[in-house]
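Here is how the chains run, residue by residue.
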Amino acid sequence: MNTPKHVLVLGDDASAPYHPLSNIKDELAAILGDRYAIDMTDKYCALDPEIIHAYDLMISYTDCWTAPVTKKQAASLIQFVQCGGSLLIIHNGISLQSREECARLIGGKFTGHPDYQRLDFRKTDIEHPVTYGIEPFSLDEEPYQFEFYPEANVEVLLEYKLDDRRIPAAWTAARGQGRIVYLMPGHHKPSFLHPSCRTLIQNSAQWLTSTS
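Note that the structure is a prediction, hence the values are computed from the model and not measured.

How each quantity is defined
- Residues numbered from 1 in each chain as written.
- Predicted model: local features only at pLDDT ≥ 70, side-chain atom pairs only at ≥ 80, totals over all residues.
- Heavy atoms only, no water.
- Helix = DSSP H or I, 4+ residues; strand = E, 2+ residues; numbered from the N terminus.
- Buried < 20%, exposed > 50% of the residue type's maximum accessible area, 1.4 Å probe, protein only.
- Contact = heavy atoms within 4.5 Å.
- Phe/Tyr/Trp six-rings, centres within 6.5 Å; stacked < 30°, edge-to-face > 60°.
- Core = buried A, V, L, I, M, F, W, Y, C linked by side-chain atoms within 4.5 Å.
- Arc of directions from axis to C-beta.

## What about the side chain of His128?
Here is step 1: Structurally, His128 can be placed in the loop between strand S6 (117-123) and strand S7 (137-141).
Here is step 2: Using a relative accessible area of 11% as the deciding quantity, one classes His128 as buried.
Here is step 3: Filtering out sequence-adjacent residues up to four positions away, His128 remains in contact with Glu155, Leu157, Thr172 and Trp207.

In structure tokens, the structure reads:
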């Protein structure tokens, strides 16, 4: 029997009026299933080196836009990825960008969003395990928009249409020995109930924790 991979999910509750971890934790656990040993917490001390390095994958659903992680915690997260750990950022989890070095690790920054609305998503031309089996789909979401660093070296795998523009909605990056995936969908529980979003999370977790 295979030993389950260990997953740390970090989010916020009391300080997250729009994206509390408690609203999506049951669905996220159901999506990941029993192939993973999952710990969910709103305690940022989980990023300390003596804790985070016990995990194979960290999932960020943080909402720390005005209360950044400490410099030590940011360094620990970067080291975790550089040394072979993996990071999956879902929707507001990109708030780790409040610490500049974390934003550079992710490859881009959230710059704002228009009103919550119906969005049409589709894959880019890049074939990748994260988007395997994903057909074009529509979803009510916050249209997060981003700005990439020139040196980001990311692969955009999913886009959504806004007016006449195609906006990145998922990307991957390699950092040292580790991997990163960002998924834009994830505003609230209905997003986690959508079959395509569930598949994206499942595919991401599987790819991020694979050894090949």
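## Structural notes on the packing of aromatic side chains
Here is step 1: Across all of its chains, the model carries ten aromatic pairs by this definition.
Here is step 2: Taken together, a centroid distance of 5.8 Å and an interplanar angle of 55° make the contact between Phe121 and Tyr160 tilted. Of the two residues, Phe121 is situated in strand S6 and Tyr160 in strand S9 (residues 154-162); the sequence distance between them amounts to 39 residues.
Here is step 3: What makes Phe121 buried here is its relative accessible area of 2%.

## Considering the nonpolar core
Here is step 1: Counting 65 residues, the largest nonpolar core has Met58, Leu77, Leu88, Ile94, Phe121, Met184 and Ile201 as the members making the most contacts within it.
Here is step 2: In terms of residue count, the dominant contributor to this core is helix H6 (residues 195-208) (six residues).
Here is step 3: Met184 has contacts with His91, Leu119, Phe121, Glu141, Glu142, Pro143, Tyr144, Phe146, Tyr160 and Ala169, leaving out every residue within four places of it along the chain.

## Some thoughts on helix H1 (residues 25-32)
Here is step 1: Considered for burial, the residues of H1 that qualify are Glu27, Leu28, Ile31 and Leu32. Along the long axis of H1, the arc covered by the buried residues comes to 130°, so they all point the same way.
Here is step 2: Those residues of H1 hidden inside the fold are in contact with strand S1 (5-11), strand S2 (36-41), strand S3 (57-61), strand S4 (86-90), helix H5 (189-193) and H6.
Here is step 3: Within two residues after H1, Gly33 carries a phi angle of roughly 75°, on the positive side.

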